[in-house]
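Summary of the model geometry
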Amino acid sequence: MKTKTPRCFPLFYLMLIITCLSCKKDNVPSNNLSATQKWILDSMQVYYYWNEALPKSPALGTSATSFFKSLLNSADRFSYLDDPDEVKTEYSSFGYYGFDYAILTNTAAPSGLVATVTLVVPGGAAYKAGLKRGDFFTAVNDIVINSTSINNIQHILKQGSPVKLQLASLNEGAFINAGTLSLSAQYFTEQPVYLTKIFSSGGKKTGYVFYDAFNGVFDRNMLDSLSKLGTAGISNLIIDLRYNPGGDVSSAAKIGGMLTNTDADQTFVIYQANKNGGRSNRSFQQTMLENDYQPQSFSDIKSRRLNLEKVIVLTTAATASSAELLINALKPYTSVIQIGQTTIGKDMASFAIGDERKPAQINLVLHPLIFKLYNANGKGDYSNGLIPDYTVDEFAELPLKQFGDPADPLLNQALQLTGNVTTSINTNAIKVKVNAFIAYQSAIERAKKSAPINVHRMAR
């Protein structure tokens, strides 16, 4: 299982919200509510972005979780309630074994479905066992992947118990048995920079970095990686965020400061709350200071700045939260080209709301959506996702290419735009191209369940 690293979030004081506790508007009658439900309702009426549209008939007499969900706006896909007393047994194949996968409907597969590995975390159990991106498997614990077992397969890979994968390989367009591979859950720490690379052609250099999480613990590593690419003389940068579920917004501000010709006091992000919270502009420096991960000085970031013609970002439907924020926040300051698929659409932020009475009477933590996110030009509202400038499907050619391989469809399109390759496809890939559609993708589920951008608030 992936080890949990401490994560600090942006510091944002909501003075107006605090003063409005005594003057909130009761859209929902409080009769017949339990003490827990009253506390939930009170919090939502003050903080929730859609506080003026709360339903008048919530799920009374139900569990706290059901009551909370009944208050959510139809446009809200990401608010959630955390019950510390709830025992959780299901996580993900990523969390337990260190890999993500997609299940494809495929005419070449005997059962009509086949799974392919999309990501393997360096140092995780799957990596140590030899599993690679692009590998196929057709069964888990001798259960063949088909239309009736697909949900069971997902369930098994979320349990963390030892599993056996039936591997397969493509041979002249058909899947054949390639042996078995056994996995047991292991603790690991994901270092989010998987790979950096430089592509050179005609004297022009393009840098590439695969970055899988905005984790402030590893800010130095990401910034050092970018700095080395800059020292090597790259004129364009490709950031691969295709499965990045987000994380620390301060990390995004640091990366943004290195990639743009900006000053410390220029706006990085705008937080728009409900009428109680109002609107707040946050500069690059302010956002960087919103946690204690190093470095925190904008002058340090500026001294490492890259001189770039354009920034190219690779995305999929599993790109979320701070990854999307970075893309949107860069646009007022530099040329940004997005390649791949439309992102997930987490254009909002939240903060944790707990019972801060002494002693606490409610053992729950709410994470409602509080803020809409906008860039320095006031552009945002991408709840349907950020649409790529060039739509490219990485599953168009199988097996999947390794990260950094110029034959990968997303990277290949990016390199064409920088002048670093002249061919649009890998000629060998023609032999293995098959008709495939995605039935399930664990990275997308992981992105949906990951916490939205979180901000600190003053104690209630």
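Please read these numbers as outputs of a predicted model, since none were measured by experiment.

What follows deals with the overall build of the protein. Along its length, the protein carries 13 helices and 21 strands. Burial status across the protein gives 56% buried among its 460 residues. Counting contacts in the protein only where the partners sit at least 6 residues apart, residues at least 24 apart contribute 71% of the total.

Turning next to unusual backbone geometry. Trans is the common state for peptide bonds, and a negative phi is the common state for residues other than glycine. The linkage connecting Lys-358 with the following residue, Pro-359, adopts the cis geometry, with an omega of -5°. With respect to the helices and strands, the residue Pro-359 is situated in the loop between strand E16 (353-354) and strand E17 (365-367). Along the chain, Leu-398 connects to Pro-399 via a cis peptide bond; the corresponding omega equals 0°. Mapped onto the secondary structure, Pro-399 falls in the loop between strand E19 (390-391) and helix H12 (409-418). The backbone of Ser-321 sits at a positive phi, close to 60°, despite the residue not being glycine. Summarising the element assignment, Ser-321 is placed in the loop between strand E13 (310-315) and helix H11 (322-330).

For strand E6 (residues 163-171) and strand E7 (residues 174-183), the ladder comprises eight bridges, and the chain directions are antiparallel. Paired with Val-163 across the bridge in E7 is Leu-183. Adjacent in sequence and paired antiparallel, E6 and E7 are bridged by two residues, among which Glu-172 carries a positive phi angle near 55°.

Spatial ordering of the open sheet is given by E12-E11-E18-E15-E21, a layout of five strands whose pairing is mixed. The sheet is open, and its two borders are formed by strand E12 (279-283) and strand E21 (453-454), each paired with just one other strand. Where strand E15 (residues 348-350) meets E21, two bridges bridge the pair, whose relative direction is parallel. Looking at E21, one finds that Ser-350 is bridged to Asn-454.

This part covers the sheet that holds E17. Taken in spatial order, the three strands line up as E1-E17-E16 in an open sheet, and their pairing is antiparallel. Unpaired on one side and paired on the other, strand E1 (80-82) and E16 mark the two borders of the sheet. Of the strand pairs in this sheet, E16 and E17 are connected by two bridges, and their pairing is antiparallel. Paired with Gly-354 across the two strands is Val-365, which belongs to E17.

This paragraph deals with the nonpolar core. Residues Ile-40, Leu-226, Leu-237, Ile-255, Leu-259 and Phe-268 are the most contacted members of the largest nonpolar core, which totals 70 residues. Once residues within four sequence positions are removed from consideration, Leu-259 is found in contact with Leu-226, Leu-237, Ile-239, Leu-306, Leu-308, Val-311, Leu-330 and Thr-334. Membership of the second largest hydrophobic core comes to 24 residues, among which are Tyr-97, Tyr-101, Leu-167 and Leu-183.

This part is about helix H13 (residues 442-449). Extensive coverage of H13 is indicated by the burial of six of its eight residues. Of the residues making up H13, those classed as buried are Ser-442, Ala-443, Ile-444, Glu-445, Arg-446 and Ala-447.

Right, let's talk about H11 for a bit. Most of H11 is tucked away: nine of the nine residues are buried. For H11, the set of buried residues is Ser-322, Ala-323, Glu-324, Leu-325, Leu-326, Ile-327, Asn-328, Ala-329 and Leu-330.

Time to look at the side chain of Gln-37. Here Gln-37 shows up in helix H2 (residues 35-47). For Gln-37, the side chain forms a polar contact with the main-chain oxygen of Thr-62, separated by 3.2 Å. Sequence-distant contacts of Gln-37, that is, excluding residues within four places in its chain, are made with Asn-32, Ala-59, Gly-61, Thr-62, Ser-63 and Phe-67.

A separate point is the side chain of Asp-347. Relative to the helices and strands, Asp-347 is located in the loop between strand E14 (336-340) and E15. With residues near it in sequence (within four places) discarded, Asp-347 still touches Phe-371, Lys-372, Leu-373, Asp-381, Tyr-382 and Ser-383.

The next thing to look at is the packing of aromatic side chains. Scanning the model with the defined rule gives 21 aromatic pairs in all. Taken together, the aromatic side chains of Tyr-91, Tyr-96, Tyr-97, Phe-99, Tyr-101, Phe-137 and Tyr-440 make up a single cluster linked through ring pairs. For the cation-ring pair, Arg-446 lies above Phe-94, with the distance from its terminal atom to the ring centre recorded as 3.7 Å.

This brings us to the pattern of salt bridges. Scanning the entire structure with this criterion turns up 21 salt bridges. The shortest N-O distance in the salt bridge between Asp-300 and Arg-220 comes to 3.5 Å. Taken together, the residues span a long stretch of sequence, with Asp-300 in helix H10 (residues 298-303) and Arg-220 in helix H7 (residues 219-231) at a distance of 80 residues. Owing to a relative accessible area of 22%, Asp-300 belongs among the partly exposed residues under this scheme. Salt-bridge contacts for Arg-304 lead to Asp-300; the nearest nitrogen and oxygen are separated by 3.3 Å.

It is worth spelling out the packing of H2 against helix H3 (residues 64-71) at this point. At their nearest, the axes of H2 and H3 sit 10 Å apart, and the two run at 30° to each other. Of the possible angle classes, the one that applies to H2 and H3 is roughly parallel. Read as a crossing pair, H2 and H3 show a hand that is right-handed. In this structure, H2 contributes Thr-36, Gln-37, Ile-40, Leu-41 and Met-44 to the contact, and H3 contributes Ala-64, Phe-67, Phe-68 and Leu-71. Residue composition of the contact of H2 with H3, by class: seven nonpolar, two polar and no charged.

For the protein, per-residue confidence averages 89 on the pLDDT scale, and 89% of positions sit at 70 or higher. Considering only residues more than four positions removed or in separate chains, one finds that residues 1-24, a stretch of pLDDT under 50, has 70 contacts. pLDDT under 50 marks residues 425-432. Its contacts with residues more than four places away, or in other chains, come to 10 contacts.

The rules behind the values
Residues numbered from 1 in each chain as written. Predicted model: local features only at pLDDT ≥ 70, side-chain atom pairs only at ≥ 80, totals over all residues. Heavy atoms only, no water. Helix = DSSP H or I, 4+ residues; strand = E, 2+ residues; numbered from the N terminus. Buried < 20%, exposed > 50% of the residue type's maximum accessible area, 1.4 Å probe, protein only. Contact = heavy atoms within 4.5 Å. Pairing = 2+ DSSP bridges. Core = buried A, V, L, I, M, F, W, Y, C linked by side-chain atoms within 4.5 Å. Polar contact = N/O pair within 3.5 Å; in protein donor to acceptor, adjacent residues only side chain to side chain. Phe/Tyr/Trp six-rings, centres within 6.5 Å; stacked < 30°, edge-to-face > 60°. Lys NZ or Arg CZ within 6 Å of the ring centre and 35° of its normal. Salt bridge = Lys/Arg side-chain N within 4 Å of Asp/Glu carboxyl O. Axes fitted to C-alpha atoms, helices over the stretch in contact; angles between N-to-C directions. Parallel < 35°, antiparallel > 145°, perpendicular 65-115°, else oblique. Left-handed = near helix turned anticlockwise from the far one by under 90°. Nonpolar A, V, L, I, M, F, W, Y, C, P; charged D, E, K, R; others polar. pLDDT = per-residue confidence, 0-100.

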